[in-house]
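Given next are the chains, with one letter for each unit.
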Amino acid sequence: MADIKSETGKLKRELTLLPLFGLIYFTVCGGSFGIEPLVGYSGPGMAIILLVVTPLVFSIPNMLMVREMTSMMPVEGGYYHWVKQAFGPFAGFMAGWMNWVVAWVDVSIYPVLAAYYLGFFIPALREGAVIGGLEIPVWMVQWLVALVLIWSISALNVRGARLAGLTANWLGVVMIIPMVILSGVGIYNWIASGTTAALPLLPNAEPVSANSLFAAFSTGLFVVMWNFMGWELPTAAGDEIVNPKRTYPLAMALVLIAAILTYGLPMISGMYGGAGDDGRYLLWGQEEPEEGLGIGATMAEYGISEEQLTAWGLNPASPYGWQFPDIAYAVGSRATGEGSPLAKFLGISVSLAAILSMIGLFIGNGLGGTRVPFAMAEDGMMPRFLVKVHPKYGTPWVAILFCGVIFSIFSLQAFQFLVVVDVFLNMLVLMAEFLALWVLRFKRPDLPRKKVPGGWIGLVVITILPASIITLAIVSQVAEEGMTSITYALAAMAVGAALYFPIRRWVKKGVPDVDPYQLEAPVE
């Protein structure tokens, strides 16, 4: 329709390589934070193996798939259109719906986590506050801070994708400085020790067997996949990328290098530089088994006594083990002594880096989360008001603000237990994208595209590798967590399927399908 066409024509194509790099980086990686459980759950040796293997068998195939699909359909909506063109409107709608649900839960977590890390400097965020004699509970204080972040970043996104991307870049630069210092001190400690720390392959030096290897590998695989997912999500802003057929693949390649270094250097230097020896690697990323039991209950399963935890400087009643701020403090203490200025500086600066990481993750993941409903509305599969574009800034401002309301509601409670739902739904959509890659090779062989290298053999390899990894991750997660997470995911899918038919009948009426193969000339 004319009004929809006039609105979408206002989108500004202003995402060049640098801002796009920042947005993809904070969608896929977002800093070193989140990789800590890989060491605690799978063991130091297995953590290194997974950090090397996962990019090869999961990330690179994913990137090659995205490269080919983007070269065919470099438009707003990205993967929504890929799946729709291959399997029809229902499948496309479900792909868009499922990843939009992922954004509700996933994106909403980051402001809450930022507020939690900020509590290191503002005790009221962890203890609550009293204002005018009125006691304000911890959850409300954290939620208020989360709301400030959500709406500040929503306003930033309205101002333009380029500005948001450049902001993410600056956040990344400031965030990475403490991690570089941590890595440098850790490597210095490692060299100064004169020996190589004897860190085992599996947690608690468990004997190597088929069962123990599979358990450590599958558990760690879920963690490392979580930290290397999302290559396709920023394609939802295809109409805002300058020369997307070239810019997007180049940005992905740079992000992969940055992500491997971001995860690998601090992790290895921390393990061998003072926070991994004497069994302390077991503390990395661990949590209490149930609320109120404390981390001591988890460590008891590894034979670590409360006295030993206290000697390591950790309160057994604490709900968490070591995150990177604690690891940084331990590395600084090894270099210049317990409680030294260096140790305190590293702990504080890495805590600040964690806050910046959460803000950057909100910016990066929020891009795809706000563009998908806009693209679906443009196609007639979401309410028409979501297709409004700001006349000055050229951004889908109504969709951005609408998503801000959803993020605000979901951030009211920390839905960390639904992270498993995120990964499950996202992996199903990812598999649909790989299948769409195959279908479109036969269905539209005439389309110009940057094909996966290696011909049909290359296509088979880059499909089988991530498919195997995804299947293994789902099976191991069901074995560990049960069917609860799958039930939530299936419920979300059922809601989407139920919404499709009334939307198709009443909302879609009179709105023509978007042609995803048409690409306007880029605006430099």
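Computed from a predicted structure; not experimentally measured. (Residues numbered from 1 in each chain as written. Predicted model: local features only at pLDDT ≥ 70, side-chain atom pairs only at ≥ 80, totals over all residues. Heavy atoms only, no water.)

1. Topic: the overall build of the chain
Moving on, step 1. Summing up its helical and strand segments, the chain has 19 helices and 2 strands in all.
Moving on, step 2. At 23 Å, the chain has a C-alpha radius of gyration in line with the 24 Å of a compact globule built from 524 residues.
Moving on, step 3. A buried classification covers 58% of the 524 residues belonging to the chain.
Moving on, step 4. By sequence separation, contacts in the chain at least 24 residues apart represent 80% of the contacts at least 6 residues apart.
Moving on, step 5. Across the chain, 28 positive and 35 negative side-chain charges occur, with their mean positions spaced 17 Å apart. (Helix = DSSP H or I, 4+ residues; strand = E, 2+ residues; numbered from the N terminus. Rg over C-alpha atoms; globule rule 2.2 N^0.38 Å. Buried < 20%, exposed > 50% of the residue type's maximum accessible area, 1.4 Å probe, protein only. Contact = heavy atoms within 4.5 Å. Lys, Arg positive; Asp, Glu negative; His and termini not counted. Charge placed at Lys NZ, Arg CZ, Asp CG, Glu CD.)

2. Considerations on a nonpolar patch on the surface
Moving on, step 1. Residues Trp170, Val173, Val174, Ile177, Ile181 and Phe345 make up a contiguous nonpolar surface patch of about 590 Å² in total accessible area.
Moving on, step 2. When residues in the nonpolar patch are grouped by element, the largest group, 5 residues, is from helix H9 (residues 161-193).
Moving on, step 3. With respect to the helices and strands, the residue Ile181 is situated in helix H9. (Patch = residues over 30% accessible without salt bridge, like charges linked within 9 Å, V, L, I, M, F, W, Y side chains within 5 Å. Areas by Shrake-Rupley, 256 points an atom, 1.4 Å probe, with all protein chains shown as cover. Salt bridge = Lys/Arg side-chain N within 4 Å of Asp/Glu carboxyl O.)

3. Notes on the side chain of Ser183
Moving on, step 1. You can see Ser183 is positioned in helix H9.
Moving on, step 2. What Ser183 contacts, discounting residues up to four positions off in sequence, is Leu265, Pro266 and Ser269.

4. Let's talk about the packing of aromatic side chains
Any two aromatic rings considered together are summarised by their centre-to-centre distance and by the angle between their planes.
Moving on, step 1. By the definition in use, this model includes 23 aromatic pairs.
Moving on, step 2. Ring centres of Tyr25 and Phe26 lie 5.2 Å apart, and the angle between their planes is 90°; on these two criteria the pair is classed as edge-to-face. Neither residue differs from the other here; Tyr25 and Phe26 are each classed as buried.
Moving on, step 3. Every member of this aromatic cluster is reached through a ring pair, and the members are Phe33, Tyr116, Tyr117, Trp284, Tyr320 and Phe324. (Phe/Tyr/Trp six-rings, centres within 6.5 Å; stacked < 30°, edge-to-face > 60°.)

5. Details of the pattern of salt bridges
Moving on, step 1. Applying the stated criterion to the full structure yields 11 salt bridges.
Moving on, step 2. The shortest N-O distance in the salt bridge between Asp277 and Arg334 comes to 2.8 Å. Taken together, the positions of Asp277 in the loop between helix H11 (244-275) and helix H12 (295-300) and Arg334 in helix H14 (residues 324-336) put the pair 57 residues apart, joining distant regions of the chain.
Moving on, step 3. The class of Asp277 is buried, set by a relative accessible area of 17%.
Moving on, step 4. Here Arg334 falls in the partly exposed class, since its relative accessible area comes to 40%.
Moving on, step 5. Salt bridges sharing partners connect three or more residues here, namely Lys84, Asp379, Lys508 and Asp513.

6. Quick notes on H9
Moving on, step 1. Taking 1.5 Å per residue as the helical rise, H9 with its 33 residues ought to reach 48 Å, and the 47 Å between its terminal C-alpha atoms agrees with that figure.
Moving on, step 2. Of all the bends in H9, the greatest reaches close to 25° and is centred on Ile176; the proline Pro178 follows between one and four positions later. (Expected span 1.5 Å × (residues − 1). Bend = angle between axes of the 7 residues up to and from the residue.)

7. Structural notes on the environment of Phe442
Moving on, step 1. Mapped onto the secondary structure, Phe442 falls in helix H17 (residues 419-443).
Moving on, step 2. Separated by 312 residues in the primary sequence, Phe442 and Val130 have C-alpha atoms spaced 65 Å apart.

8. Points about the packing of H14 against helix H15 (residues 341-378)
Moving on, step 1. It is the contact of H14 with H15, at a shortest axis distance of 7 Å, that shows an interaxial angle of 160°. By the criterion of interaxial angle, the relationship of H14 to H15 is roughly antiparallel. Considering the relative orientation of H14 and H15, their crossing is right-handed. Each of Phe324, Pro325, Ala328, Tyr329, Gly332, Ser333, Ala335 and Thr336 in H14 lies in contact with H15, whose residues at this interface are Leu342, Ala343, Lys344, Leu346, Gly347, Val350 and Ser351.
Moving on, step 2. Partitioning the contact of H14 with H15 into residue classes produces 9 nonpolar, 5 polar and 1 charged. (Axes fitted to C-alpha atoms, helices over the stretch in contact; angles between N-to-C directions. Parallel < 35°, antiparallel > 145°, perpendicular 65-115°, else oblique. Left-handed = near helix turned anticlockwise from the far one by under 90°. Nonpolar A, V, L, I, M, F, W, Y, C, P; charged D, E, K, R; others polar.)

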